[in-house]
Amino acid sequence: MKLETFYITTPIYYSSGRPHVGTAYCSIASDVMARYKKARGFEVKFLTGNDEFGQKNEEAAKERGVSTMQHLDDMAVLFQDMAKAVDVDYDIFWRTTDERHQRAVQTIFRTLHDKGDIYKGHYEGLYCTPCETFYTDGQVNDGNCPDCGRAVHKMQEEAYFFRMSKYQDALLAHIEENPDFIMPVSRKNEMINNFLKPGLDDLCVSRTSFKWGIPVDFDPDHVVYVWVDALSNYANALGFLSKNDEEYRKFWPADIHMVGKEIVRFHTLIWPAILMALGEPLPKQVFGHGWLTSEGRKVSKSFGNAIDPHMLVDRYGSDALRYFLMREFTFGNDGDFRNEALLTRINADLANDLGNLLSRTVGMIEKYFGGELVVKDVPDTEFETALKELVSAMPGKIEPLMDRMNFSETLNEIWAVIRRANKYTDETQPWVLCKDAEKSDYLALVLYNLAEVLRIISVVIAPFMPKTPAEIRKQLNIEKYDWESTKIFGLTPREIKVQKGAALFPRLDIQKELAELTAIQQSKIEQAEAAVPQKPEITIDEFSKMDLKVGEIVACEAMKKTKLLKSQVRIGTEVRQIVSGISAFYTPEQMLGKKVIVVTNLKPIKLRGEISQGMILAAADGTTLNLLTVDGEIESGATVS
Ligand code: ME8
């Protein structure tokens, strides 16, 4: 029998920084969906990977002082390790530096160019020549480069453009005719009202100002710029445009592209327009989820290390972390990650509700029946009827919720059953029944029903919590059941021999855990703040290109409406003017007479209209700043080496 296919993707993550709990969130949600669809009998393909081209990645490598490829390889390992730690069971880990990807991107670019959908034009922006980088109006500070502080200027660069505007009407029609194409609905409205209705501009798809990208094969001065490269990974990973395109023909179009809300636009406008231009079918759905925040700030590569998924998994297990992330936040909205909420959920939902149901069920079977339960035909009471009603209704409730990726509500429904089963125990009171020999058969039925609920629960929680079901089955000593079995009450064998094991989720001392987590996270933040990025190694020849001399400040004044001091510095027989941004730390009077270290062969620049002929060296740690000076009497002009 040919299975129906289901192709789901996460975005490919930039390799510019380490994975964090925000990236784990996106991957876990996709994994939950992939596991659910597998359980429902689909043939699933699940893709994740890394987005490896572009300046950000190249700069991150430079900052670490390693080669770009070394950096990308290291990051790929970190992302794969993270996936493993949180049980994200992907089928493909795609890397855009893969030869097959690069070839496919070049073919796409060429095909679109040949069709006239990509044309040559000019990209205009604010350019910093020393940094070789374009900036937008919003990025520059007072006309200066946000990176090196030097003046930027308007520049044009030859670039290729994709004719997005041509697809505007077709895109609008597609979105309106396919109500599930963009989910949740709020994101769909945003795309229509903010982008489609005002009109789409053509999109710049190549650059000549940097080189770390896939070359345009018919015009190798250009590299493919970001989106044609990154977005097409979803198709290229399946062999699109290659001789071996069997998987593409089998799994395309994707059923779900899972993406963060900030990249919905690229996935619902740019990517579909590219596919339309190529004559390929569009993905069935793009789901834009919200962000995990920490104290209101988006958890990101620069700030994300504080909430380390590995640390949380080591302490509480991956099932607990996955459960918390999927249960606590409405998928689609932002969610603030709070340690206390995590610990409370572990104790209340996992230790108390689920863990307790298993341990008391197995414990009572051991206590009252020596671990061997044999159930006979006994008529149901109102308690059994009520319990079975809720359990039987559950699969029908959760299936549509799962299909809409409403993970939190799904878990709510499952936990309603777990709580109902605990209530059933309190209603039937096995500890009273056990005292009456005549009630022994009914007692066996009660315990059997509890085991049966646990069997069903072990199936429906499996997409969320891949490890726990095996532990439940082990303690109940039952085999693995499939999804359809959750719709029939009574499939657990009527004779079982249970075996008590460790608590599924040991109860936590919340105050102690909170204190420890806070201490760990605080020390991580401090470490991150203290870490000075290591610059790449230089040779002695490179170092000796710098001319360092001792200078004496002979005059100094503050420059009005700036943080700058203008100093006249005597270096031997010469006096130079040097402008420094240090007025928050030194008054002109404090500067007078100081012997400082000056870089004398730095190219002069104008700062706020004043020429600066060199640089005065200072040490700064973010809070304070101290000038570098000499340890004793020495003439100005002395060489520093
Ligand atoms: O955007 N909470 O890569 P990326 C939830 N390479 N999700 C988060 C998150 C957070 N705090 N932080 C990041 C890119 N993400 C491109 C994608 S796809 C063809 C190219 C999610 O590493 C983010 O929303 O910046 C996005 O969906 C994904 O991680 C990758 O982000």
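Each remark here, short or long, concerns the structure printed above.
Presented here is an overview of the structure given in this document. (Residues numbered from 1 in each chain as written. Predicted model: local features only at pLDDT ≥ 70, side-chain atom pairs only at ≥ 80, totals over all residues. Heavy atoms only, no water.)

Concerning the nonpolar core
In summary, soluble globular proteins display a tendency toward joint burial of nonpolar side chains. Grouped together as the largest cluster of nonpolar side chains are 97 residues, with contacts concentrated most on Leu325, Met326, Leu354, Phe407, Ile414, Trp415 and Ile457. Top contributing element to this core by residue count: helix H17 (residues 440–460), with 15 residues. Other than its neighbours up to four places away in sequence, Met326 contacts Tyr25, Ile28, Ala29, Val32, Phe407, Ser408, Leu411 and Phe464. Counting 55 residues, the second-largest nonpolar core is a separate cluster that includes Ile92, Phe181, Ala254 and Leu282. (Core = buried A, V, L, I, M, F, W, Y, C linked by side-chain atoms within 4.5 Å. Buried < 20%, exposed > 50% of the residue type's maximum accessible area, 1.4 Å probe, protein only. Helix = DSSP H or I, 4+ residues; strand = E, 2+ residues; numbered from the N terminus. Contact = heavy atoms within 4.5 Å.)

Describing the packing of helix H11 (residues 309–316) against helix H12 (residues 318–328)
Geometry of a packed helix pair, given as the angle between the helix axes and the separation of the axes. It is the contact of H11 with H12, at a shortest axis distance of 7 Å, that shows an interaxial angle of 115°. Across from Pro309, Leu312, Val313 and Tyr316 in H11, the residues of H12 making contact are Ser318, Ala320 and Leu321. Considering only residue class, the contact of H11 with H12 consists of 6 nonpolar, 1 polar and no charged. (Axes fitted to C-alpha atoms, helices over the stretch in contact; angles between N-to-C directions. Nonpolar A, V, L, I, M, F, W, Y, C, P; charged D, E, K, R; others polar.)

Section: the pairing of strand E19 (residues 565–571)
Counting buried residues in E19 gives 5 out of 7 residues, a clear majority hidden from the surface. Across 6 bridges, strand E18 (residues 548–558) lies against E19 in antiparallel orientation. Paired with Ile553 across the bridge in E19 is Val569. Where E18 hands over to E19, the hairpin turn is made up of 6 residues, of which Lys561 adopts a positive phi near 60°. With 7 bridges connecting them, E19 and strand E20 (residues 574–580) associate as antiparallel partners. Bridge pairing in E20 places Ile571 opposite Glu574. As consecutive antiparallel partners, E19 and E20 are separated by 2 residues, and within that stretch Gly572 has a phi angle of approximately 65°, a positive value. (Pairing = 2+ DSSP bridges.)

Regarding the side chain of His267
Here His267 shows up in helix H10 (residues 264–278). A polar contact is formed between the side chain of His267 and the side chain of Tyr234, at a distance of 2.7 Å. A polar contact of 2.9 Å, which involves the side chain of His267, links it to the backbone oxygen of Ile263. Residues within four places of His267 in sequence aside, it is in contact with Leu231, Tyr234, His257, Val259, Pro272 and Val286. (Polar contact = N/O pair within 3.5 Å; in protein donor to acceptor, adjacent residues only side chain to side chain.)

Things to note about the sheet that holds strand E4 (residues 118–128)
Overall, antiparallel pairing links the 4 strands, which are arranged E5-E4-E6-E8 in an open sheet. Each edge of the sheet is formed by a strand with only one pairing partner; in this case those strands are strand E5 (133–135) and strand E8 (203–204). By the bridge criterion, 10 bridges tie E4 to strand E6 (residues 153–162) in an arrangement that is antiparallel. Looking across to E6, one finds that Gly121 is bridged to Ala159.

Side note on the packing of helix H2 (residues 55–64) against helix H3 (residues 68–85)
Remark: H2 packs on H3, axes separated minimally by 8 Å, with the N-to-C direction vectors making an angle of 100°. The orientation of H2 relative to H3 falls into the category roughly perpendicular. Between H2, through Asn57, Glu58, Ala60, Ala61 and Arg64, and H3, the contact on the second element is made entirely by Thr68, His71, Leu72, Asp74 and Met75. A class-by-class count of the residues in the contact of H2 with H3 yields 4 nonpolar, 3 polar and 3 charged. (Parallel < 35°, antiparallel > 145°, perpendicular 65-115°, else oblique.)

These values are about where atoms sit, not about what they do.
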